[in-house]
Amino acid sequence: MIINEMMKIIWAETRSTYLDLLEYASSLSAEELFENVKNKKMTFYSYPGTNMNLLSCSVCTYRIEKDFGGCSMCDYENNDLMHQAYMTALREKNVSLYSKAILNSFANVRGKHTLPNVFELISSYDVFTDKEFPEEVFYEFFKANALFSRKPFGYIFEARASSITKEKLDLVKKYISPKNRVIIEFGVETGNEWLRNHWLNKDVTNAQIINAISLIHEAGFKAAADILIGIPGLTEVQSQNVFNDTIFWLEKAGIDQFVALPLNRKTLTLQGIIYQHLKNDHLLLEMGIAQQEHTGIPWLTTIICSLNEVFTKKPELINKINLAQVYPYQNSVSNITAYNKAGCVCNKILTDVLGKYQIKRDIGAIKKAAEYTLSDGHGCDIDYKDLLRSQANQDIPLTVKSIINQLAPFIWPDSYADIILDFQDEVNQYEDII
């Protein structure tokens, strides 16, 4: 697919650096590698009711499988390539030391026998792939060592829908007490399969998602889906409609919880490359796709109104929809989060509403914020409504084709005409239905 080829080009320099580092790391002994990684600290965030433990494992297995293509909205591998090369080499040489190194990354931040939150989220890129999270890691974490001073109420494990199998769920059962609540969280991003795979490059089908939910429930666990509010390059209305359709599709499929992530802009991503090359593109400015400094991420108005529309239709979903990464510091990679017109007072007001939602789940506050952001009570409501008029009369195929048409000459200067034709073939497969 064109999107994977694009991501490979965007990540080419990182891939080259990583492979050079891996070659060096592979020349070291397992003991030398362990010495180099044993003091690494995992990334850690504490949310209301949940601690997020982003363990320092090897490089993302899915990105490696895609020759450093991978999910187009994700940018994590440029943080510490040296460490990831060490860990990849250590995994191959000594899985026991590799597992101890991952445990160390936890203990170096939280200490030993630490006090747990209600839920403890255990995350690598995919805890259900042996290359990142072999059984030895489960053993170190949940049998050989006592992580917490007392058992948390529950654990959350992050995985890819395509990795969720009965065998992996049985592995969790083997190491986690039946007294603990277990949630398996996986990335859906959008219920539209074409967007998920041809635009976000997830390589996950709707059938795999439905099957994952079924397997999780058969195991006696809960299923949680990560979904985006805002799709790279799409109009505000398109992003809002896609989010709402995804929520109701997943609810019908039996999902237990949602983790909604407002799209942010990071460097080595589709949204980042659209911003880099097209933020001042004349055609896309007229279409409202390019918005100069705002290019590539949704407005806070869209985030608030998307949530309000869902809660207006089904207020009971307030107990199922969680928010994550509302603030820039809740992401381990430098990023620009959703905002409205720069300098407008509404930015702090609306961001604070989303932040408080993470704690209080107040439908009334979301409704009031939606009314406020569309009112004339602040400085950018006129700009937002003008933007919607610029973006009107577009469907998703037109929007994504327009982006690729303008972006291709920057990414493929010698073959962009062929790329545009190939992408047209992909767009011809687009369907609105979920």
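Bear in mind that the values here come from a model prediction, so they are computed numbers and not experimental data.

Q: Would you take a moment to explain the overall build of the protein for this structure?
A: A count of helices and strands for the protein gives 19 helices and 8 strands. In terms of C-alpha radius of gyration, the protein reaches 22 Å, essentially the compact-globule figure of 22 Å for 434 residues. Per-residue burial for the protein yields a buried fraction of 59% across its 434 residues. Residue pairs at least 24 apart in sequence account for 80% of intrachain contacts in the protein once pairs closer than 6 positions are excluded. Entry remark: accessible area of the protein is about 18100 Å², with carbon and sulfur atoms responsible for 51%. Distance between charge centroids for the protein: 9 Å, based on 43 positive and 53 negative side chains.

Q: For this particular structure, what's the right way to read unusual backbone geometry?
A: Where the residue is not glycine, phi is negative for most of them; where a peptide bond is considered, it is trans in most cases. The backbone of Asn201 sits at a positive phi, close to 60°, despite the residue not being glycine. With a relative accessible area of 0%, Asn201 lands in the buried category.

Q: What's the story with empty space enclosed by the protein in this structure? I'm lost.
A: Over the atoms, a rolling probe the size of a water molecule traces out where space has been left empty. This model, assessed by the stated rule, comprises 2 cavities of 30 Å³ or more. One number sums up the size of the largest cavity: a volume of about 90 Å³. Lining of the largest cavity is provided by 16 residues; of these, Gly233, Leu234, Glu236, Gly296 and Ile297 occupy positions nearest its centre. Residues that form the lining of the largest cavity fall into these classes: 7 nonpolar, 8 polar and 1 charged. Of the pockets and cavities examined, the second largest cavity occupies roughly 50 Å³. For the second largest cavity, the full set of lining residues is Pro262, Leu300, Val326, Thr337, Ala338, Thr351 and Leu354.

Q: When you look at the packing of aromatic side chains in this model, what are you seeing that I'm missing?
A: For any pair of aromatic rings, the description rests on two quantities: the centre-to-centre distance and the angle between the ring planes. Throughout the structure, instances matching the rule amount to 19 aromatic pairs. Considering the side-chain rings of Tyr18 and Phe68, the 5.6 Å spacing of their centres and the 45° angle between planes classify their relative orientation as tilted. Of this pair, Tyr18 sits in helix α2 (residues 12-26) while Phe68 sits in the loop between α4 (61-65) and α5 (81-93); the two residues are 50 residues apart in sequence, bridging distant segments of the chain. A network of ring pairs unites the aromatic residues Phe106, Phe133, Phe138, Phe141, Phe142, Phe148, Tyr155, Phe157 and Tyr175 as a single cluster. The ring of Trp11 has Arg63 sitting right over it, with the charged end atom 3.9 Å from the ring centre.

Q: Would you mind showing me how to read the packing of helix α7 (residues 135-144) against helix α8 (residues 166-175) here?
A: The description of two helices packed together rests on the angle between their axes and the distance between the axes. Axis separation between α7 and α8 bottoms out at 10 Å; the angle between their running directions is 25°. In terms of orientation, α7 lies roughly parallel with respect to α8. Judged by the twist between their axes, the crossing of α7 over α8 is right-handed. Two secondary-structure elements touch here, α7 through Glu135, Phe138, Tyr139, Phe142 and Lys143 and α8 through Leu171, Val172, Lys174 and Tyr175. Split into classes, the residues belonging to the contact of α7 with α8 amount to 6 nonpolar, no polar and 3 charged.

Q: Mind showing me how you'd approach helix α15 (residues 346-360) here?
A: One turn of an α-helix holds 3.6 residues; hence residues three or four places apart share an orientation. An ideal rise of 1.5 Å per residue puts 21 Å on 15 residues; α15 measures up with 20 Å between its terminal C-alpha atoms. Within α15, the full set of buried residues consists of Cys346, Asn347, Leu350, Thr351, Val353, Leu354, Gly355, Tyr357 and Gln358. Packing partners of the buried residues in α15 comprise β1 (43-47), α14 (300-313), β8 (321-323) and α16 (363-373). Directly after α15, the chain includes Arg361, whose backbone phi takes a positive value near 55°.

Q: I tried to follow the pattern of salt bridges on my own but got confused; where do I start?
A: Side-chain pairing between opposite charges can occur once the charged atoms of the two side chains come close. This model, assessed by the stated rule, comprises 18 salt bridges. With a closest N to O distance of 3.5 Å, Glu5 and Lys8 form a salt bridge. Taken together, the positions of Glu5 and Lys8, both in helix α1 (residues 2-10) and 3 residues apart, correspond to about one turn of that helix. Classification of Lys8 as partly exposed rests on a relative accessible area of 24%. Across the salt bridge formed by Glu189 and Lys202, the nearest N and O atoms sit 3.3 Å from each other. On the criterion of sequence distance, the pair formed by Glu189 in strand β5 (residues 181-189) and Lys202 in the loop between α9 (193-199) and α10 (206-218) is long-range, its members being 13 residues apart. Taking the relative accessible area as the measure of exposure, Glu189 reaches 7% and is therefore buried. Connected via shared salt-bridge partners are Glu5, Lys8, Arg15 and Asp67.

Q: Would you mind showing me how to read the sheet that holds strand β4 (residues 154-159) here?
A: Two modes of strand pairing occur in sheets, parallel and antiparallel, and in both the strands are linked by backbone hydrogen bonds. Here we have 8 strands laid out as an open sheet, ordered β1-β2-β3-β4-β5-β6-β7-β8, and mixed in their pairing. The open sheet has two edge strands with one neighbour each: β1 and β8. With strand direction ignored, the average angle separating the axes of adjacent strands in the sheet is 25°. As judged from the 6 bridges shared by β5 and strand β6 (residues 222-229), these two strands associate in the parallel manner. Residue pairing across strands places Glu189 opposite Ile227, the latter belonging to β6. Against the sheet, helix α11 (residues 236-253) engages β5, β6, β7 (257-262) and β8, with an angle of about 170° to β6.

Thresholds, definitions, all that
Residues numbered from 1 in each chain as written. Predicted model: local features only at pLDDT ≥ 70, side-chain atom pairs only at ≥ 80, totals over all residues. Heavy atoms only, no water. Helix = DSSP H or I, 4+ residues; strand = E, 2+ residues; numbered from the N terminus. Rg over C-alpha atoms; globule rule 2.2 N^0.38 Å. Buried < 20%, exposed > 50% of the residue type's maximum accessible area, 1.4 Å probe, protein only. Contact = heavy atoms within 4.5 Å. Areas by Shrake-Rupley, 256 points an atom, 1.4 Å probe, with all protein chains shown as cover. Lys, Arg positive; Asp, Glu negative; His and termini not counted. Charge placed at Lys NZ, Arg CZ, Asp CG, Glu CD. 1 Å grid on protein atoms, 1.4 Å probe; cavity = no way out; pocket = protein on both sides within 12 Å on 5 of 7 lines; lining within 4 Å. Points joined across faces, edges and corners; volume = space filled by probe spheres on them. Nonpolar A, V, L, I, M, F, W, Y, C, P; charged D, E, K, R; others polar. Phe/Tyr/Trp six-rings, centres within 6.5 Å; stacked < 30°, edge-to-face > 60°. Lys NZ or Arg CZ within 6 Å of the ring centre and 35° of its normal. Axes fitted to C-alpha atoms, helices over the stretch in contact; angles between N-to-C directions. Parallel < 35°, antiparallel > 145°, perpendicular 65-115°, else oblique. Left-handed = near helix turned anticlockwise from the far one by under 90°. Expected span 1.5 Å × (residues − 1). Salt bridge = Lys/Arg side-chain N within 4 Å of Asp/Glu carboxyl O. Pairing = 2+ DSSP bridges.

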